Amino acid sequence: YQDEWLIVADKPSGMLSVPGKTGQESLQERMEKQFSQTLYACHRLDMDTSGILVLGLTKESHRNLSIQFQDRKVEKKYQALLRGKLSERLENITCGKIEFPMRVDLDNRPYQIYDEEYGRMATTEWKLIEEFSLEESFLQGEHEQDSLWRTRVEFMPLTGRPHQLRLHSAHEKGLGLGIVGDRLYGKIYSDERLCLQAFYLKFTHPTTNEIMEFSVPFEF
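Because the structure is a prediction, the values reported are computed rather than measured.

(A) The environment of Trp 126, seen in detail. Within the fold, Trp 126 resides in strand 7 (residues 120–133). We classify Trp 126 as buried; its relative accessible area is 6%. Filtering out sequence-adjacent residues up to four positions away, Trp 126 remains in contact with Leu 86, Leu 90, Ile 93, Thr 94, Cys 95, Gly 96, Lys 97, Ile 98, Glu 154, Phe 155, Met 156 and Leu 175.

Encoded structure:
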């Protein structure tokens, strides 16, 4: 989507949201080349996370949208595929809220950890969408010790801490199951990507005040 004030794009997994130190192309840079003008990212997604990003075409729209994100006035929904059967771990609970303090591990950046004393509170609402089992033939080669079960969940983060959904999924005080393809908080195999996608975004247009809603098809 594009108008005079903003652009909404669908970032692929494996691409940076904004320019980094590695020199790897970011979504912001790709969009700047395409539209031949400076853009301003209003929020970010992890490199391995795919999904919807909004960029301002003017400094005024960027400021307005950034404040909406900061003040938690933007509605965000993610879907994730977890490794394992969530209903067994949570005794058939199918929705809830995860809330605990977290911070960066200073000795192992960018890894995030649970910390009651120095962490900042992170809050995520979640609901179970489906559980399914893979074929037995899947357990071959490097997957030999993997679980056959997968759980699809929807996450609605109410705060925006780095790696919040990944830690809330994997940590024992959260769902206790890592996201498929999570190289930091779970297992990853050579044929996997991080199965975490920002599939829905709702915000107020910075100029027209219209309610804007965007969604993208599920990728996994």
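Now that the structure has been shown, we can carry on.
(B) Structural detail: the side chain of Gln 112. Mapped onto the fold, Gln 112 is located in strand 6 (residues 112–114). In terms of polar contacts, Gln 112 uses its side chain to reach the backbone carbonyl oxygen of Pro 110, at 3.1 Å.

(C) Structural view of helix 1 (residues 27–35). Among the residues of helix 1, those classed as buried are Leu 27, Gln 28 and Met 31. Viewed end-on, helix 1 has its buried residues packed into an arc of 100°, placing them on one side of the element. Following helix 1 by one or two positions, Ser 36 adopts a phi angle in the positive range, close to 55°.

(D) Up close: the nonpolar core. Core analysis: the biggest nonpolar cluster contains 36 residues, and Leu 86, Trp 126, Phe 155, Leu 175 and Leu 196 have the highest contact counts within it. Tallying contributions element by element places strand 4 (residues 75–83) first for this core, with 4 residues. Among all residues touching Leu 86, those that are not within four sequence positions of it are Trp 126, Leu 128, Glu 131, Thr 151, Val 153, Leu 175 and Leu 177. Cys 42, Leu 65, Leu 201 and Met 212 belong to the second-largest nonpolar core, a separate cluster that totals 15 residues.

Rules behind the numbers
- Residues numbered from 1 in each chain as written.
- Predicted model: local features only at pLDDT ≥ 70, side-chain atom pairs only at ≥ 80, totals over all residues.
- Heavy atoms only, no water.
- Helix = DSSP H or I, 4+ residues; strand = E, 2+ residues; numbered from the N terminus.
- Buried < 20%, exposed > 50% of the residue type's maximum accessible area, 1.4 Å probe, protein only.
- Contact = heavy atoms within 4.5 Å.
- Polar contact = N/O pair within 3.5 Å; in protein donor to acceptor, adjacent residues only side chain to side chain.
- Arc of directions from axis to C-beta.
- Core = buried A, V, L, I, M, F, W, Y, C linked by side-chain atoms within 4.5 Å.

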